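Take a look at the letters that make up each chain.
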Amino acid sequence: MIGIPFPPGADEDTPVFVISVAAELSGLHAQTLRGYDRMGLVSPGRTSGGGRRYSMRDIALLREVQRLSQEQGVNLAGIKRIIELEHEVDALRDRVAELVQELAAVHAAAEQAAAAIHRSYRNELVPVRQQTALVVWKPAPRNR
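Summarised in this report is the structure supplied together with it. (Residues numbered from 1 in each chain as written. Predicted model: local features only at pLDDT ≥ 70, side-chain atom pairs only at ≥ 80, totals over all residues. Heavy atoms only, no water.)

With that out of the way, let us pick up the pattern of salt bridges. Across all of its chains, the model carries 9 salt bridges by this definition. Here Arg67 makes a salt bridge to Glu64, at a shortest N to O gap of 2.8 Å. With a gap of 3 residues between them, Arg67 and Glu64 both fall in helix H3 (residues 56-70), about one helical turn apart. For Arg81, the salt bridge identified is with Glu84, shortest N-O distance 3.4 Å. Placement of the pair is Arg81 and Glu84 together in helix H4 (residues 76-121), with a separation of 3 residues, close to one helical turn. Taken together, the salt bridges that share partners define one network made up of Glu12, Asp13 and Arg57. (Salt bridge = Lys/Arg side-chain N within 4 Å of Asp/Glu carboxyl O. Helix = DSSP H or I, 4+ residues; strand = E, 2+ residues; numbered from the N terminus.)

Moving on, we come to the environment of Ala30. By the secondary structure assignment, Ala30 is in helix H2 (residues 30-39). Here Ala30 falls in the buried class, since its relative accessible area comes to 17%. C-alpha of Ala30 to C-alpha of Val18: the two residues are 12 residues apart in sequence and 9.9 Å apart in space. Contact partners of Ala30, with chain neighbours within four places excluded, come to Ile19 and Ala23. (Buried < 20%, exposed > 50% of the residue type's maximum accessible area, 1.4 Å probe, protein only. Contact = heavy atoms within 4.5 Å.)

Helix-helix packing is characterised by the crossing angle of the two axes and by the distance between the axes. Taken N-terminus to C-terminus, the directions of H3 and H4 make an angle of 130°; their axes are 10 Å apart at the nearest point. On the basis of the axis angle, H3 is oblique to H4. For the element pair H3 and H4, the recorded crossing hand is right-handed. Contact with H3, carried on its side by Leu61, Val65, Leu68 and Ser69, involves Leu76, Ile79, Ile82 and Ile83 of H4 and no other residues of that element. (Axes fitted to C-alpha atoms, helices over the stretch in contact; angles between N-to-C directions. Parallel < 35°, antiparallel > 145°, perpendicular 65-115°, else oblique. Left-handed = near helix turned anticlockwise from the far one by under 90°.)

A few words now on helix H1 (residues 19-26). Those residues of H1 lying buried are Ile19, Ala22, Ala23, Leu25 and Ser26. Taken around the axis of H1, the buried residues stretch over an arc of 165°, which confines them to a single face. Its buried side turned inward, H1 meets H2, strand E2 (52-53) and H3. Trailing H1 by a residue or two, Gly27 shows a phi angle of about 80°, which is positive. (Arc of directions from axis to C-beta.)

Rendered as structure tokens:
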């Protein structure tokens, strides 16, 4: 991100920059930011009066839109799809992390339950000698 300190209680998602500052920080024209907002590429926060307020994450996204467009030659529809897919991947990663945590908790609970069962049988177990025996069976002759 950009090396600008956040106001107290703010983070990279806090909408703090008016459109003129966001335009300057992103290297884009304010009218371009308005267009990107209309297209849904970037969705800044809004004041009670309807004014746009951009966060540091919005500024980074604006820079990425510009990079994809100018350096990679991706059109705006393609950029919008890339952004949507990145959001989807982020959501899926979050879900996988949740599932991994749930699985670890279930695994730990199963291990604890198995250990408790094993502890409950320890006093009842009797050691048994392992032996191998060979028995030869010969059927008795049949009398007719």
